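What follows is each chain in one-letter form.
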Amino acid sequence: MTTNSNEISTNVVVLGAGLTGLTTAHYLNKFNKKFIVLEKQTRIGGVIQSKKEDDFLTENGPNTGVVGNTTVVQLFEDLAEKCGFEVAGDNVKKRFILKNGRWESLPLGAREAIMTPLFTLKDKFRVLGEPFRPAGKNPHENLADFVKRRLGQSFLNYAIDPFIIGVYAGDPTYLIPKYALPKLYNLEQKYGSLIGGSFRKGFEKKIPEEKKVSKKVFSFEGGLSTLTKSLYASAGVENFTLGVENITVNKTEDGYKIQYTNAQKEACTIYAKNVISTIGAYALDSIFPFIDAVSMQKLNSLLYTKVIEVSVGFNTWKGCRLDGFGGLIPSIEKRDLLGILYMSSLFKNRAPEGGALLSIFMGGVKRQDLISLTDDQIRIIVDKECKELMSLDEFNPELFKIVRHNYAIPQYGVESGDRFSTIKTLETKFTGLQIGGNLRDGIGMADRIKQGKELAERIL
Ligand SMILES: Cc1cc2nc3c(=O)[nH]c(=O)nc-3n(C[C@H](O)[C@H](O)[C@H](O)COP(=O)(O)OP(=O)(O)OC[C@H]3O[C@@H](n4cnc5c(N)ncnc54)[C@H](O)[C@@H]3O)c2cc1C
């Protein structure tokens, strides 16, 4: 809802127009609620940003998502006519892990698991005893200790560490399974075993919607921005105010007074019964002066990792065969890259015929320092690593683009329990306030979509 006046009323104000805020807006519109979304940037999408650059289609943030829950299934069915949903080919299952400078395939079946050089013989035998190992009792045990206890050190080094690099750009000694990987944690707590639990879960009865949760890897024709643009359109573009600055939210007797400066530098005020925040924890401090300092500290002590994303495009590819999802580099290998995604092998029209598009990641929790490297320094590293790891004789890409993320992925560490309970307390104390976004409920796109819908439903 927009108006020429600088002082208006509405039912809901949503802060942030990333994937979470857009999903909330989509459902608020569907539920016929009056709302306004306020976004700091002059564009929607948050960290999701697909770009057509000559013959390459690049992503500045996430590259792929997973159809990981029933809300994603339903939302994509809702939007099916508006955006061309793309599922990665079967080769997405082929994933590579670097060990001693060589790419090894991540095992897909029992036979490969026995033969793989990724894990030690001792740990392969140890896995046979996993279903009989007692469940852990410390809810704050970190992921590294959890995996060593259940599976062994080599599984930590060459399976879980690279997996965590791929998902969190994180460190298993920092992340707490209860908060960062609740499904994994619950397998142990509920079934007493990861292997036994996965097996038994496979036989549990599913409702038809759950059967469509496929773990398929998705993108869209035109990239992930096609999704955010479709949500923007379906939520009603007239409900969005972009390019706002200096937002503050204050309590009134029966709701909230939201003040900000619009893109024309005018002071504006909105009165709303409900406020839904979907912005990162790092940005909350100045927005909610009525939240006490101790509670605010519990929210914004969340660590966000810094990540450098480099898109490298070749008109003609002369390196190793790009058949698979890509490769992850365990931290024990001590290289400067986190991983390489073979985007042109997963989806159509990402690079010219015969060419290739790679998305390369650097930084992460263990190498936060890399964010301050200059473009030239980053190029030298990527040049050297690509020649060595991708069997390129020369490194002369037609596209070389660097994007730096200072607040890429939140790390759900031991402080998360306090953060979650603080949010609950605040939401109970301040009727109509919801503090969403990636500071709770998961970090992936599927989690954001699920939460976005739940935030809208709570308005009902
Ligand atoms: C490099 C990278 C790679 C990723 N890879 C994957 C992947 O492969 N698969 C996957 O599922 N997920 C991935 N993710 C995570 C996924 O992208 C995010 O979970 C999701 O896009 C976050 O959406 P969001 O709306 O919660 O947050 P954001 O996208 O951060 O949106 C928050 C919005 O709030 C706005 N904002 C901030 N401050 C203010 C303010 N003061 N006032 C108003 N607005 C404000 C911001 O401008 C932004 O638009 C990746 C993320 C990054 C950064």
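One structure accompanies this document, and this report is about it. Predicted, not measured: the structure shown is a model, and the values here were computed from it.

Some thoughts on the packing of helix H5 (residues 143-150) against helix H6 (residues 153-168)
And step 1. For the pair H5 and H6, interaxial distance at closest approach is 9 Å and the crossing angle is 140°. With respect to each other, H5 and H6 are oriented oblique. H6 is crossed by H5, and the crossing has right-handed handedness. Where H5 approaches H6, its residues Leu 143, Ala 144, Val 147 and Lys 148 are matched on the opposing element by Gln 153, Phe 155, Leu 156, Ile 160 and Ile 164.
And step 2. The residue makeup of the contact of H5 with H6, split by class, is seven nonpolar, one polar and one charged.

A word on the site of the ligand
And step 1. Around the ligand sit 28 residues in total, of which Thr 20, Glu 39, Thr 64, Ile 443 and Met 445 are the nearest.
And step 2. In this structure, Leu 19 approaches the ligand through a main-chain N or O atom, which is 3.0 Å from an oxygen atom.
And step 3. In the environment of the ligand, a nitrogen atom lies 2.8 Å from a nitrogen or oxygen atom belonging to the backbone of Thr 64.
And step 4. For the ligand, whose accessible area on its own is 1,000 Å², the fraction buried by protein is 88%.
And step 5. Among the elements that take part in the shell around the ligand, strand S18 (residues 399-411) stands out by supplying three residues, more than any other.
And step 6. When its residues are assigned to classes, the shell around the ligand shows 13 nonpolar, 11 polar and four charged.
And step 7. A domain split of the shell around the ligand shows at least three residues from each of domain 1 (7-47 + 65-76 + 222-300 + 413-459) and domain 3 (303-411).

As for the pairing of strand S2 (residues 35-38)
Looking along a regular strand, one sees the side chains alternate between the two faces of the sheet.
And step 1. What you see with S2 is no split at all: Phe 35 and Val 37 on one side and Ile 36 and Leu 38 on the other are buried throughout.
And step 2. Judged from the four bridges that link them, strand S1 (residues 7-15) and S2 form a sheet pairing that is parallel. When the bridges of S2 are listed, Val 14 appears paired with Val 37.
And step 3. Of the crossover connections in this fold, the one passing from S1 over helix H1 (residues 19-30) to the parallel S2 is right-handed.
And step 4. Across two bridges, S2 lies against strand S10 (residues 240-241) in parallel orientation. Within S10, the residue paired with Leu 38 across the bridge is Thr 241.

Regarding the sheet that holds strand S16 (residues 339-342)
And step 1. Taken together, seven strands build an open sheet; the order of strands is S8-S7-S15-S16-S17-S14-S18 and the sheet is mixed. Edge positions in the sheet fall to strand S8 (102-105) and S18, since each of these pairs with one other strand and no more. For this sheet, the mean angle separating the axes of adjacent strands, direction not counted, is 25°.
And step 2. Two elements, strand S14 (residues 303-314) and S18, share 10 bridges in a ladder whose sense is antiparallel. Residue pairing in the sheet places Val 312 in a bridge with Phe 400 of S18.

Comments concerning H5
And step 1. When we look at burial in H5, the residues that qualify are Leu 143, Ala 144, Phe 146, Val 147 and Arg 150. Projected down its long axis, H5 carries its buried residues within an arc of 160°, all on one side.
And step 2. The elements touched by buried residues of H5 are helix H4 (121-128), H6, helix H7 (177-180), helix H8 (182-191) and helix H9 (194-202).
And step 3. Two or three places before Ala 144, at the start of H5, stands the capping residue Asn 142, its side-chain oxygen 3.0 Å from that residue's backbone nitrogen.
And step 4. Of the residues one or two after H5, Gly 152 is the one with positive phi, at around 120°.

How each quantity is defined
- Residues numbered from 1 in each chain as written.
- Predicted model: local features only at pLDDT ≥ 70, side-chain atom pairs only at ≥ 80, totals over all residues.
- Heavy atoms only, no water.
- Axes fitted to C-alpha atoms, helices over the stretch in contact; angles between N-to-C directions.
- Helix = DSSP H or I, 4+ residues; strand = E, 2+ residues; numbered from the N terminus.
- Parallel < 35°, antiparallel > 145°, perpendicular 65-115°, else oblique.
- Left-handed = near helix turned anticlockwise from the far one by under 90°.
- Contact = heavy atoms within 4.5 Å.
- Nonpolar A, V, L, I, M, F, W, Y, C, P; charged D, E, K, R; others polar.
- Near = heavy atom within 4 Å.
- Polar contact = N/O pair within 3.5 Å; in protein donor to acceptor, adjacent residues only side chain to side chain.
- Areas by Shrake-Rupley, 256 points an atom, 1.4 Å probe, with all protein chains shown as cover.
- Domains from an automatic or database assignment.
- Buried < 20%, exposed > 50% of the residue type's maximum accessible area, 1.4 Å probe, protein only.
- Pairing = 2+ DSSP bridges.
- Right-handed = clockwise from strand over helix to strand, strands pointing away.
- Arc of directions from axis to C-beta.

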